[in-house]
Amino acid sequence: MMDRFQESKRLYEHLGVDVDAALRKLSDFPISMHCWQGDDVVGFDGAGALSGGIQTTGNYPGRARTPRELMEDIDAVLALTPGKKRLNLHASYAVFEGDQVDRDQIKPEHFRPWIEFAKDRGLGLDFNPTLFSHPKAAGLTLSHPDPEIRKFWIRHCQACLRISEVFAEELNTYCLMNIWIPDGLKDIPGDRMGPRRRFMESLDEILSLDYDRNKVLVALESKVFGIGMESYTAGSAEFTMNYALSRGITPLMDNGHYHPTELVSDKLSSMLLFHPKVALHVTRPVRWDSDHVVLFDDETKEIAKEIVRCDALDRVLLGLDFFDASINRIAAWTIGMRNMQKAMLYALLMPMSRLKEAQDKQDFTTLLMLNEECKTYPFQDIWDYYCESQQVPVREEWFLAVRQREAALLRQRGD
Ligand SMILES: C[C@H](O)[C@H](O)[C@@H](O)C(=O)CO
Ligand SMILES: [Mn+2]
């Protein structure tokens, strides 16, 4: 492998790319791994059916049912994925060793197993209040006309701020706490301003808590529609971008949350001009916000290229967000995590300064030629070398480990 790597490295260097620097940057760039692919976004607080206009489809056997099973599955994926990782939790994954409490009463102690899990693996923890799959989330939450419902979810989000602070303190890294609400309407609204004003006021109350803004980065995730809320969402892109900019929190773009012809890769540079940090949920929408497994496809590569072109590896907080229950969940996670790393490496191996120079000179012929020729450079040799250097399986060898584990897993967990 080393001979192929050295030969391919020379080709990239001839193109003007510093391969060693690319590998170093890649190994330092964290991907936040979403916990919810492992159990179909069910969680452990008895939430029951997934609500909020999102859906997991499929019923492949072996879903993780307990914190221990989910942690085992996360470990299985970590062993197959190169690079730096963080773990992204939802509040509904609280572990109640004593009496269970409602979501507005959760405390850091309810996440102690996760803190120890992350500490033992050198992982940072990111966090999400869970404003769905709950009796008080039957439609609207932070934008609800009933002040008691709003106050419940405000208390929940403030409880999550305290938990996020403890995550950051104990793991000695920031915690990104991302707020997404499902609030929307199935059909044409009679009042678009009211819910958005209430949402804004609820967020202001949440952020009035004296939390450590150096440790906890609050993000706000937009959405354009959901199942059962096709006609209106309170947290539209315009709302979340303006709220985040005006309050100094972090906007989060999920590339499944826009109209089909809109591309997050095209939005990122604009956001980076006005925000110190931008958070992402990289996913794959198919016909709708279907949360398919991330592919090594053009848009995933283009998002990665924009992060590199904008020199924003320390300003873009990248997490994955997909949940596919139709295939082996460990394989789904591993494919998505490895593909995001591949896309970042692919971008880091692009001759960005030459592409920019060609564009600035309006030499669009060279620009097109370079973009196209780069597609057939020996990326695979560099990727294989990277996996080997990160002590993870090369090419499809990771799949053997998944299949070997699956048989025992299915005997233990059944359907
Ligand atoms: C589980 C996540 O909070 C959820 O997927 C959210 O990020 C989203 O994208 C909803 O469509
Ligand atoms: Mn998302």
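Residues numbered from 1 in each chain as written. Chains lettered and ligands numbered in written order. Predicted model: local features only at pLDDT ≥ 70, side-chain atom pairs only at ≥ 80, totals over all residues. Heavy atoms only, no water.

A closer look at unusual backbone geometry
Okay, step 1: The phi dihedral of Val41 is positive, around 65°, even though this residue is not glycine.
Okay, step 2: Following the sequence through the fold, Val41 ends up in the loop between strand E1 (31-34) and helix H3 (67-78).
Okay, step 3: Look at Asp291: it is not a glycine, yet its phi comes out positive at around 55°.
Okay, step 4: Secondary-structure assignment places Asp291 in strand E11 (residues 288-292).
Okay, step 5: For Asp291, a relative accessible area of 3% corresponds to the buried category. (Helix = DSSP H or I, 4+ residues; strand = E, 2+ residues; numbered from the N terminus. Buried < 20%, exposed > 50% of the residue type's maximum accessible area, 1.4 Å probe, protein only.)

Side note on the coordination of the manganese ion (ligand 2)
Okay, step 1: Summarising the metal site, the manganese ion (ligand 2) is bound by the protein donors Glu221 (OE), Asp254 (OD), His281 (ND1) and Asp321 (OD), whose distances to it range over 2.2 Å.
Okay, step 2: All donors to the manganese ion (ligand 2) come from one chain, and their sequence spacing reads E-x32-D-x26-H-x39-D. Here the residue Glu221 occupies a position in strand E6 (residues 216-221), and Asp254 occupies one in strand E8 (residues 250-254), the gap between them amounting to 33 residues. Judged on exposure class, the residue Glu221 and its partner Asp254 are both buried. (Donors = N, O, S within 2.8 Å, 3.2 Å for Na, K, Ca; no water.)

Observations concerning the site of ligand 1
Okay, step 1: Neighbouring ligand 1 are Trp36, Ile54, His90, Trp180, Glu221, Lys223, Asp254, His257, His281, Asp289, Asp321 and Phe323.
Okay, step 2: Asp321 is positioned such that a nitrogen or oxygen atom in its side chain is 2.8 Å from an oxygen atom of ligand 1.
Okay, step 3: The protein chains hide 99% of the 310 Å² of surface that ligand 1 would expose on its own.
Okay, step 4: The class makeup of the residues in the shell around ligand 1 is four nonpolar, three polar and five charged. (Near = heavy atom within 4 Å. Polar contact = N/O pair within 3.5 Å; in protein donor to acceptor, adjacent residues only side chain to side chain. Areas by Shrake-Rupley, 256 points an atom, 1.4 Å probe, with all protein chains shown as cover. Nonpolar A, V, L, I, M, F, W, Y, C, P; charged D, E, K, R; others polar.)

Things to note about the packing of helix H9 (residues 298-309) against helix H10 (residues 329-348)
Okay, step 1: Interhelical geometry of H9 versus H10 gives an angle of 50° and a closest axis separation of 8 Å. The orientation of H9 with respect to H10, classified from their angle, is oblique. Crossing hand, H9 versus H10: right-handed. Side by side, H9 and H10 meet where Thr300, Lys301, Ala304, Lys305, Ile307 and Val308 of the first sit next to Met340, Ala343, Met344, Tyr346, Ala347 and Leu348 of the second.
Okay, step 2: Its residues placed into classes, the contact of H9 with H10 shows nine nonpolar, one polar and two charged. (Axes fitted to C-alpha atoms, helices over the stretch in contact; angles between N-to-C directions. Parallel < 35°, antiparallel > 145°, perpendicular 65-115°, else oblique. Left-handed = near helix turned anticlockwise from the far one by under 90°. Contact = heavy atoms within 4.5 Å.)

A short note on the packing of helix H8 (residues 264-274) against H9
In helix packing, the relevant descriptors are the interaxial angle and the interaxial distance, both defined with respect to the helix axes.
Okay, step 1: Between H8 and H9, the shortest axis-to-axis distance is 8 Å and the interhelical angle comes to 15°. Taken together, the axis directions place H8 and H9 in an arrangement best described as roughly parallel. In this structure, H8 meets H9 at a crossing whose hand is right-handed. Facing Val264, Ser265, Leu268 and Ser269 of H8, the residues of H9 in contact are Glu299, Glu302, Ile303, Glu306 and Ile307.
Okay, step 2: The residue makeup of the contact of H8 with H9, split by class, is four nonpolar, two polar and three charged.

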